[in-house]
Amino acid sequence: MQSTSISFSPSISNHQNPTSHSPSRVLYQYGSVNFFKTPPKFKSVWCSINFSSSKLNGTGSWISVPPPVHERKPDGVSTVRATLVSGEAPKFNNKPLADTLYLGLLFALWYIFNIYFNIYNKQVLKAFHYPFTMTLVQLVVGTALIIFMWTFNLYKRPKINGAQLAAIFPLAVVHTLGNLFTNMSLGKVSVSFTHTIKALEPFFSVVLSAMFLGEFPTVWIISSLVPIVGGVGLASLTEVSFNWAGFWSAMASNLANQSRNVLSKKIMVNKEDSLDNINLFSIITIMSLILVAPFAFFMEGLKFTPAYLESAGLNVNQIYTRTLLASLCFHAYQQISYMILEKVSPVTHSVGNCVKRVVVIVSSVIFFSTPVSPINAIGTGVALTGVFLYSRVKGIKPKPKTA
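Residues numbered from 1 in each chain as written. Predicted model: local features only at pLDDT ≥ 70, side-chain atom pairs only at ≥ 80, totals over all residues. Heavy atoms only, no water.

A. A look at the packing of aromatic side chains. Taken as a whole, this structure holds 21 aromatic pairs when the rule is applied. Centre to centre, the rings of Phe-330 and Tyr-333 are 6.0 Å apart; their planes meet at 85 degrees, and the pair counts as edge-to-face. Here Tyr-333 and Phe-330 lie together in helix α10 (residues 316-341), a separation of three residues that amounts to about one turn. For the pair Phe-330 and Tyr-333, a shared accessibility class is recorded, and that class is buried. The interplanar angle of 85 degrees and the centroid separation of 5.0 Å between the aromatic rings of Phe-367 and Phe-368 together place this pair among those described as edge-to-face. Taken together, Phe-128, Tyr-130, Phe-304, Tyr-308 and Tyr-320 form an aromatic cluster joined through their ring pairs. Between Lys-303 and the ring centre of Tyr-308, over which it is positioned, the NZ or CZ distance is 5.7 Å. (Phe/Tyr/Trp six-rings, centres within 6.5 Å; stacked < 30°, edge-to-face > 60°. Helix = DSSP H or I, 4+ residues; strand = E, 2+ residues; numbered from the N terminus. Buried < 20%, exposed > 50% of the residue type's maximum accessible area, 1.4 Å probe, protein only. Lys NZ or Arg CZ within 6 Å of the ring centre and 35° of its normal.)

Next up, the structure:
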């Protein structure tokens with residue numbers, strides 16, 4: 001919007017011809033309205049002209065002629081405002097729509113990468129029973145992507161000191177354990193059952209927060225935990241692929257992941273401006289690689305070589321390709337999760353995570369043709385409903401007690 005302002009001194013008389021002034025200072029006429037035909041008595045006149053376009057139509061006049069608006073300010077200054085509107089369509093601000101579409105794209109990618117990670121990862125772990133090695137490879141690929149991102153300035157490399165690294169170290173430990181136990185569980189039981197057990201994460205979060213942070217749950221949160229625990233128990237009793245190794249590995253993954261959340265609150269990492277959530281996740285990934293590497297070599301040895309895979313009767317190209325795809329999807333969905341968390345509230349992110357778990361369970365059942373009994377389906381559904389309720393009620397704060 002373009003604006004032109006003209007101020008006249010008090011000595012202007014009625015017989016002055018407005019056409020003697022330059023076009024940049026005087027507004028001649030809008031249609032049949034002449035502003036200066038019978039000027040009022042005033043000290044000064046302020047004429048503000050708002051242009052939506054500088055173009056005229058073919059006849060040399062403006063297409064739309066809104067009437068002028070007279071205003072009188074308290075100090076006696078008379079104000080005249082008129083708006084010129086051309087035949088062009090007004091320009092609207094599409095930024096809110098663009099932000100909404102971008103956020104929707106992030107959620108879609110979060111779900112898609114998570115689905116493909118679980119599918120490719122399960123395919124490899126069914127044939128290659130070495131969860132330490134798989135965790136190591138996934139962290140190697142993630143670290144390579146992070147270094148590439150920092151080297152070519154695709155994302156600002158953080159400045160971090162020793163005190164921050166010491167604070168982040170416990171987070172890296174439980175992050176490593178969470179990923180390792182998840183891979184152990186996926187290698188033993190179906191994807192759908194692993195994620196059904198992982199629906200117990202809110203239960204561990206409540207228990208650990210009460211133990212170490214002194215944050216005791218409200219009655220609403222406790223009520224939401226009942227269907228979660230009951231649903232997981234019902235699903236476990238009727239799970240075809242159930243075995244205790246897979247069950248306890250998934251439970252250990254829950255404990256590790258929720259310990260990370262509690263530690264992040266308790267330690268209160270002193271982040272600099274350059275150390276945002278994405279860079280924090282990147283540093284945790286690199287530290288996790290350093291942590292898991294010696295254990296992987298000690299526990300499983302060098303089992304990811306072409307010679308060993310061929311001796312085990314495995315398709316080398318297929319194993320390598322699916323492992324690479326699983327690793328890329330693993331890093332991508334976690335990176336996008338942090339990007340979403342920077343744009344929405346924790347409650348919204350929690351609801352999105354609940355929906356993601358439903359999508360992963362349904363897609364894995366369809367892809368792997370996992371047999372599901374009616375009781376098992378009911379148990380899973382009840383547990384996921386409890387997770388959804390938990391994500392909704394955990395944002396409700398108790399009313400302060402009045403004296």
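B. Structural view of the environment of Ile-197. Here Ile-197 is to be found in helix α4 (residues 191-197). Sequence separation between Ile-197 and Val-232 is 35 residues; the distance between their C-alpha atoms is 6.1 Å. With near-sequence residues (within four places) excluded, Ile-197 lies in contact with Val-232, Phe-247, Ala-250, Met-251 and Asn-254. (Contact = heavy atoms within 4.5 Å.)

C. Representation of the nonpolar core within the structure. Core analysis: the biggest nonpolar cluster contains 21 residues, and Ile-197, Leu-200, Ile-228, Met-251 and Tyr-390 have the highest contact counts within it. Those elements giving two or more residues to this core turn out to be α4, α5 (201-213), α6 (219-237), α7 (244-267), α11 (346-368) and α12 (374-393). (Core = buried A, V, L, I, M, F, W, Y, C linked by side-chain atoms within 4.5 Å.)

D. Spatial organisation of α10. Along its 26 residues, α10 runs 38 Å from first to last C-alpha, staying within 8% of the 38 Å computed at 1.5 Å per residue. Sitting at the amino-terminal end of α10 is Asn-315, which places a side-chain oxygen 3.2 Å from the backbone nitrogen of Asn-317. (Expected span 1.5 Å × (residues − 1). Polar contact = N/O pair within 3.5 Å; in protein donor to acceptor, adjacent residues only side chain to side chain.)

E. Representation of unusual backbone geometry in the model. You will see that Asn-153, though not glycine, has its phi angle at about 55 degrees, which is positive. Along the chain, the position of Asn-153 falls in the loop between α2 (131-151) and α3 (162-188). Under the relative-accessibility criterion, Asn-153 is labelled exposed at 67%. Positive phi outside glycine occurs at Ser-369, with the angle close to 50 degrees. Tracing the chain through its elements places Ser-369 in the loop between α11 and α12. Looking at Ser-369, the relative accessible area reads 57%, which means it is exposed.

Shape descriptors only; they carry no functional weight alone.
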